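Residues per chain, in single letters:
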Amino acid sequence: MLTVVLSGLRDRWASFLGGFVALALGVGLLATMGLGLSATSHAPERSPQRFASSPVVVQGQDRLTLDVRRGPSTVPVELRLDRPQPVDGRVLRELRARWTVTTTGGPDAVGVDAPAAEVRALVGDRARVLTGSERTRVDPDPERDARALVTLGALLGTSGGVTTFVSVFVVASTFAFAVALRRREFGLLRTAGATPGQIRRLLLAEAAVLGVLASATGCALGALGAPLLARALVDGGLAPAWFTIGEASWPFHTAFWTGVTVALAGAVAASRRAGKVGPTAALREADVDADVLPLGRAVLGTVLLLAGLGLLVWTCATEPSALLKRKTYTTLPMLLITGVALLSPLLVRPVARLLRSRGAVGTLVRENSAAAVRRTAAVAAPVLVTVALAGTLFGSATSVTRAKEAESREQTAAQYVARGEGLREPTAPDGAVLSATGATSVFVRDGAEAVVKYGARAVADPAAFAELARLPVVAGDLRDLDDRSIVVNEEFERHRVGETVEVWRADGSGPVRLRVAAVLALGTGDNGPYVTPANAPGAALDRIDARGGGAATVRALEASGGTVSSGHRPSEGNPQNRLGMILVLGIALVYTVIGLANTLLMATSVRGGELASLRLAGATRAQILRVVTGEAALAVAIGTGLGLVVTGVVLGALGAGLAALSAPVVLALPWTVTGAAAGACATVAVASAALPAWRLTR
C-alpha cells in the first residue's frame, strides 16, 4: 500500500501541489499566530517611573471591591477606579512621623523609604502597600500594556480562526475535486479487484503522507514567519514596541497536528464517495457529473445555513447590540458562508443557465458550466468565501462607524463644539447657550451576580444640556436631571422613571441612591448614563457645546483651551481595526488564489480530448481559449454573486439590529474592497485556465 501511495504521489504531484501549498501555508500561519498568542500571555516587567527611587509605595484605594453572588455563596470582585482615592490623611501623617515620604504626581500615592513589612504593619487595610514591580501600578496609564495584549490577542485569535476555517475549506475542496477527476483510475482499480475499503485506505494514506509533509514544512515556515509578523505588527501600530516572539513550543505541536487532522478530514468525505462507486459505473460515468451533491454534504450545508440564519435572527431579537461588535460580525457569517458554499452545486446549474450570449462561444460557456457542475462549483466556492468575508467584515465595520457618526450628528443642536482635556468653562455671551460636559464613570449592580462599570458623562448645566441635546429619550425629561438623579439607558436593570438606582461614583465613593430622571434608547452604545458633577468627583470638562452668540461664542470657546469645530466632527475610525481586517482578508485571498489556481490547472489539464474535439469540429485556437477563460470568468461571477448575497443577509441583520436599538440605519456595502477581491480572483482564474488550454491547443 505504501509503495502505491508514494508512486501515486510522485506521478500525480501536480494535482497534489495546490493542496500541499494550501496546507503548508495554513500550518505556517497557525504556528505563526500561535507563537504570537503565546507572546501575548504576559507583558514584560517595566521599571517603575513615578516612584523609581522609593522601595515602598503606599497607594490610596484604586479599586472598588464589592461582593457578588456565585452559587450559594458570595465572592469579592474588584473594578478599577478612574481616579484612585487620596492616601488617608491620618496614614500620611503617621508615615511622615517615622520615615522619609516622597510625593509626586498627585495625592493618590506616596513613596516611603522604609522596610516593607513595617509599612504594612502600620498601614493595615487603610491603603495598599506596593513593592517591587507592583510599584508600576501608580505610573501613568499602568494598564496600557495589558490592554494592548488583549487587543492583539483578539486579532491573532481571529486571524488563526479564519486561517483554520479557510484552510479546511480549501483543502477539503481540493481533495474532493481531485477525487472526482480520478474516477476512471478508481474504476480500473475496482475492475482489477480492489475493494472499496482499499480505495478508501489508499486516499487516506495519501492524505496522511501529504499532511505530514505539508505540516512539517508549515512549522518551518511558522518559525521563520513569526519574527516577521511581530515586526509588522509593531510597525503597523497593532502591537506595542516591546512586543517580541518567545520560545514556546506548543504552537508548533498544535499547528502540526491540526494540519494532519485537516488533511485527513478533507479526504474522509472524498474517500467514502470514491469507495462507493462500482467498477462499471465508474468507467461509464468517468466524464459525467453525477451525484454532485451527496446526501451528507446536502444535510451539513442545510444545517449550517439554517444555523447561521437562526443565530442572526436570534441575536437580532435578543441582543441586537452584539451585532455591532467585531467579534460577532467576524465569526457569525462563517456559518452562512460555509452553508452556502456546501450547497453551491445546487445553485451552479440554474445560475449558469441565466447567461444569455449569442454565438458559439457564449453557448459553449453556458452549457459547459452548467454540465460540469463540480468544476464550476469548485471555482465558485473559494471566490464566495473571499467576497463574503470582504463584504461582511468591511461592510459591517463601515456600517457601524457610519451609524455612530449619524447618531452623534443627530444628538446635538450645537453650532460649535470645543473639545480637549481639562477645558475651562467660559461665561456664555449674550444670546448664547453653552453646555459643558466631562467624562466620568459609575458602577452599578446588575442583579446579585455582577457589577457593571459604565462610561458616563457629567453635565454641568442640565437646563442648557437639555436645550442643546437631541438624545433619544424614551421616557422622562432631561431637564429633571439634578444632584439626586441620573439619566440611564435601557440597558440598566432598573430603567423606569422614578425608580432608584444604587450607584458608586468614579472614585469609589458610595453607594448613593439616585432617582431615574429620564431613560434613553440604547443606540450604538454611547447613550448615557448622565449625572451632575456632584456625582462625578474629579471629572474634568472635555467638551463644550454652544449655539448662538456668533463670533463672541467662538472667541469664548477658543479661550476655554479647546479645539473649536463647527458642530459634528466625523469619526476617523480605528486604523488598527482596519489593519486587522486587511490581515484577515489577505489570508482568505491568498488561500482563494491557491485554490483557484490548483483547481483550474487540474481541471483544464485533463480536458485535452474535449479541446481536441472542438478543434476537429472547426473551432479556432482563439475561440477555444475564449471558451475556457469564459467558463472560469463565469464561475468567478457566480461565486461573487453568492458572496454578495451572503453579505446582503448579514448587513440586513445588522440593519435590523440598529433599528431595534433605535440607532440610525446606515448600511454600506464596500464595493471597492469586494470589487478588488473579485477582480483578483478573476485574474487568477482566467490565467490558470488559459495557461494549460494554450499548451494543450498548440
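Cut-offs used in this document
Residues numbered from 1 in each chain as written. Predicted model: local features only at pLDDT ≥ 70, side-chain atom pairs only at ≥ 80, totals over all residues. Heavy atoms only, no water. Helix = DSSP H or I, 4+ residues; strand = E, 2+ residues; numbered from the N terminus. Buried < 20%, exposed > 50% of the residue type's maximum accessible area, 1.4 Å probe, protein only. Contact = heavy atoms within 4.5 Å. Areas by Shrake-Rupley, 256 points an atom, 1.4 Å probe, with all protein chains shown as cover. Lys, Arg positive; Asp, Glu negative; His and termini not counted. Charge placed at Lys NZ, Arg CZ, Asp CG, Glu CD. Salt bridge = Lys/Arg side-chain N within 4 Å of Asp/Glu carboxyl O. Phe/Tyr/Trp six-rings, centres within 6.5 Å; stacked < 30°, edge-to-face > 60°. Core = buried A, V, L, I, M, F, W, Y, C linked by side-chain atoms within 4.5 Å. Pairing = 2+ DSSP bridges. Axes fitted to C-alpha atoms, helices over the stretch in contact; angles between N-to-C directions. 1 Å grid on protein atoms, 1.4 Å probe; cavity = no way out; pocket = protein on both sides within 12 Å on 5 of 7 lines; lining within 4 Å. Points joined across faces, edges and corners; volume = space filled by probe spheres on them. Expected span 1.5 Å × (residues − 1). Bend = angle between axes of the 7 residues up to and from the residue. Parallel < 35°, antiparallel > 145°, perpendicular 65-115°, else oblique. Left-handed = near helix turned anticlockwise from the far one by under 90°. Patch = residues over 30% accessible without salt bridge, like charges linked within 9 Å, V, L, I, M, F, W, Y side chains within 5 Å. pLDDT = per-residue confidence, 0-100. Polar contact = N/O pair within 3.5 Å; in protein donor to acceptor, adjacent residues only side chain to side chain.

1. With respect to the overall build of the protein
Working step 1: Secondary structure assignment for the protein yields 21 helices and 16 strands.
Working step 2: Residues counted as buried form 49% of the 698 residues belonging to the protein.
Working step 3: A sequence separation of at least 24 residues applies to 80% of the contacts in the protein between residues at least 6 apart.
Working step 4: Counting every atom, the protein has about 31,100 Å² of accessible surface; 59% of that belongs to carbon and sulfur.
Working step 5: Of the charged side chains in the protein, 69 are positive and 54 negative; the average position of the first set lies 12 Å away from that of the second.

2. Brief notes about the pattern of salt bridges
Working step 1: A full pass over the atoms with the stated rule returns 17 salt bridges.
Working step 2: Arg63 is the salt-bridge partner of Asp62, the closest N and O atoms lying 2.7 Å from each other.
Working step 3: On the accessibility criterion, Asp62 (0% relative accessible area) is buried.
Working step 4: Between Arg90 and Glu94 there is a salt bridge, with its nearest N and O atoms 3.5 Å apart. One end of the pair, Arg90, and the other, Glu94, are both in helix α3 (residues 89–98), 4 residues apart, so they sit about a helical turn from each other.
Working step 5: Classification of Arg90 as exposed rests on a relative accessible area of 54%.
Working step 6: Each of Asp62, Arg63, Glu78, Arg80, Arg128 and Arg137 takes part in one network of salt bridges that share partners.

3. What to know about the packing of aromatic side chains
Working step 1: For the coordinates displayed, the defined rule picks out 3 aromatic pairs.
Working step 2: Both rings, one in Phe256 and one in Trp257, keep their centres 5.0 Å apart while their planes meet at 90°; by these two values the pair is edge-to-face.
Working step 3: Taken together, a centroid distance of 5.0 Å and an interplanar angle of 45° make the contact between Phe465 and Tyr530 tilted. Of this pair, Phe465 sits in helix α16 (residues 462–468) while Tyr530 sits in strand β14 (residues 530–531), and the two are 65 residues apart along the sequence.

4. Section: the nonpolar core
Working step 1: Within the largest apolar cluster, 77 residues are counted, with the highest numbers of intra-cluster contacts made by Val166, Leu233, Phe243 and Val646.
Working step 2: Here this core gets 12 residues from one element, more than from any other, and that element is helix α15 (residues 373–410).
Working step 3: In contact with Phe243, not counting residues within four places along its chain, are Gly36, Ala39, Thr40, Leu152, Ala230, Leu233 and Val234.
Working step 4: One finds Val379, Leu611, Val628 and Val636 within the second-largest nonpolar core, a separate group that totals 18 residues.

5. Overview of the sheet that holds strand β1 (residues 56–59)
Working step 1: Strand order across the open sheet formed by 4 strands is β4-β5-β1-β6, with antiparallel pairing between neighbours. What marks the edges here is a single partner per strand, and that holds for β4 (100–102) and β6 (128–131). Going from strand to strand, the sheet's axes swing by 30° on average, the running direction of each strand aside.
Working step 2: Here β1 pairs with β6 via 4 bridges, running antiparallel. Note that in β6 the partner of Val56 across the bridge is Thr131.
Working step 3: Across the sheet, helix α4 (residues 116–123) is in contact with β1, β5 (109–113) and β6; its angle to β6 comes to roughly 170°.

6. Considering empty space enclosed by the protein
The probe, sized like a water molecule, is rolled over the atoms to show the empty space still left.
Working step 1: Tallied over the full model, the rule gives 6 cavities of 30 Å³ or more.
Working step 2: Lining the largest cavity are Ser369, Arg375, Thr376, Val379, Leu600, Thr604, Arg607, Val628, Glu631, Ala632, Ala635 and Ala689.
Working step 3: Among the secondary structure elements, those contributing two or more residues to the lining of the largest cavity are α15, α18 (575–605) and α20 (621–660).
Working step 4: Take the lining of the largest cavity: its biggest share by element is 4 residues, from α20.

7. Considering helix α7 (residues 196–235)
Working step 1: When the terminal C-alpha atoms of α7 are compared, their 55 Å separation across 40 residues agrees well with the 58 Å that a helix rising 1.5 Å per residue should span.
Working step 2: Along α7, the largest kink reaches about 35° and is centred on Gly225; proline Pro227 follows within four residues of it.
Working step 3: In the stretch just after α7, Gly237 is the one whose phi turns positive, near 80°.

8. Structural notes on the packing of helix α13 (residues 344–353) against helix α14 (residues 360–371)
Relative placement of two packed helices is described by the angle separating their axes and the distance separating the axes.
Working step 1: One can describe the packing of α13 onto α14 by two numbers: an axis separation of 8 Å at closest approach and a directional angle of 165°. In terms of orientation, α13 lies roughly antiparallel with respect to α14. Pair α13 / α14 crosses with left-handed handedness. Counting all contacts with α13, which are made through Val348, Arg349, Ala352 and Arg353, the residues of α14 involved are Arg366, Glu367, Ser369, Ala370 and Ala371.

9. As for a nonpolar patch on the surface
Working step 1: The grouping of Leu306, Leu309, Val645 and Val649 at the surface amounts to a nonpolar patch, some 330 Å² of accessible area in total.
Working step 2: Listed by contribution, the elements that provide at least two residues to the nonpolar patch are α10 (295–318) and α20.
Working step 3: Tracing the backbone shows Val649 in helix α20.
Working step 4: When its relative accessible area of 34% is taken as the criterion, Val649 is described as partly exposed.

10. Remarks on unusual backbone geometry
Working step 1: Phi angles above zero are rare outside glycine, and Ser662 is one such case at about 60°.
Working step 2: For Ser662, the position within the fold is in the loop between α20 and α21 (671–696).
Working step 3: The partly exposed category is assigned to Ser662, whose relative accessible area is 47%.

11. A short note on a negative patch on the surface
Working step 1: A contiguous patch of negative charge, built from Glu319, Asp446, Glu449, Glu491 and Glu493, is present on the exposed surface.
Working step 2: If you trace the backbone, Glu449 turns up in the loop between β8 (433–446) and β9 (450–459).
Working step 3: Classification of Glu449 as partly exposed rests on a relative accessible area of 46%.

12. Considerations on α10
Working step 1: For α10, with 24 residues, the first-to-last C-alpha span of 34 Å sits near the 34 Å given by 1.5 Å per residue.
Working step 2: Along α10, the residues classified as buried are Ala298, Gly301, Leu304, Gly308, Leu312, Thr315 and Cys316.

13. Quick word on the confidence of the model for the protein
Working step 1: Considering every residue of the protein, the mean pLDDT works out to 83; 91% of them sit at 70 or more.
Working step 2: Mean pLDDT across the elements of the protein bottoms out in helix α9 (residues 279–284) (53) and peaks in β14 (95).

14. Observations regarding the environment of Leu35
Working step 1: Along the chain, the position of Leu35 falls in helix α2 (residues 13–39).
Working step 2: Spatially, the C-alpha atom of Leu35 lies 7.0 Å from that of Gly246, the residues being 211 residues apart in sequence.
Working step 3: Every residue in contact with Leu35, bar those within four places of it in the chain, is listed here: Gly222, Ala226, Ile245, Ala248, Pro251 and Phe252.

15. Topic: the side chain of Thr392
Working step 1: Locating Thr392 in the fold gives a position in helix α15.
Working step 2: A distance of 2.7 Å separates a polar atom in the side chain of Thr392 from the backbone oxygen of Ala388.
Working step 3: Separated by 3.3 Å, the side chain of Thr392 and the backbone oxygen of Leu389 make a polar contact.
Working step 4: The contacts of Thr392, once residues within four sequence positions are left out, are Tyr329, Pro333, Thr647 and Val650.

16. Description of the pairing of strand β12 (residues 500–504)
Working step 1: With 2 bridges joining them, β8 and β12 adopt antiparallel strand pairing. Residue pairing in the sheet places Phe443 in a bridge with Trp504 of β12.
Working step 2: In this structure, β12 lies alongside strand β13 (residues 512–520), joined through 4 bridges in antiparallel fashion. Bridge assignment links Thr500 to a residue of β13, and that residue is Arg515.

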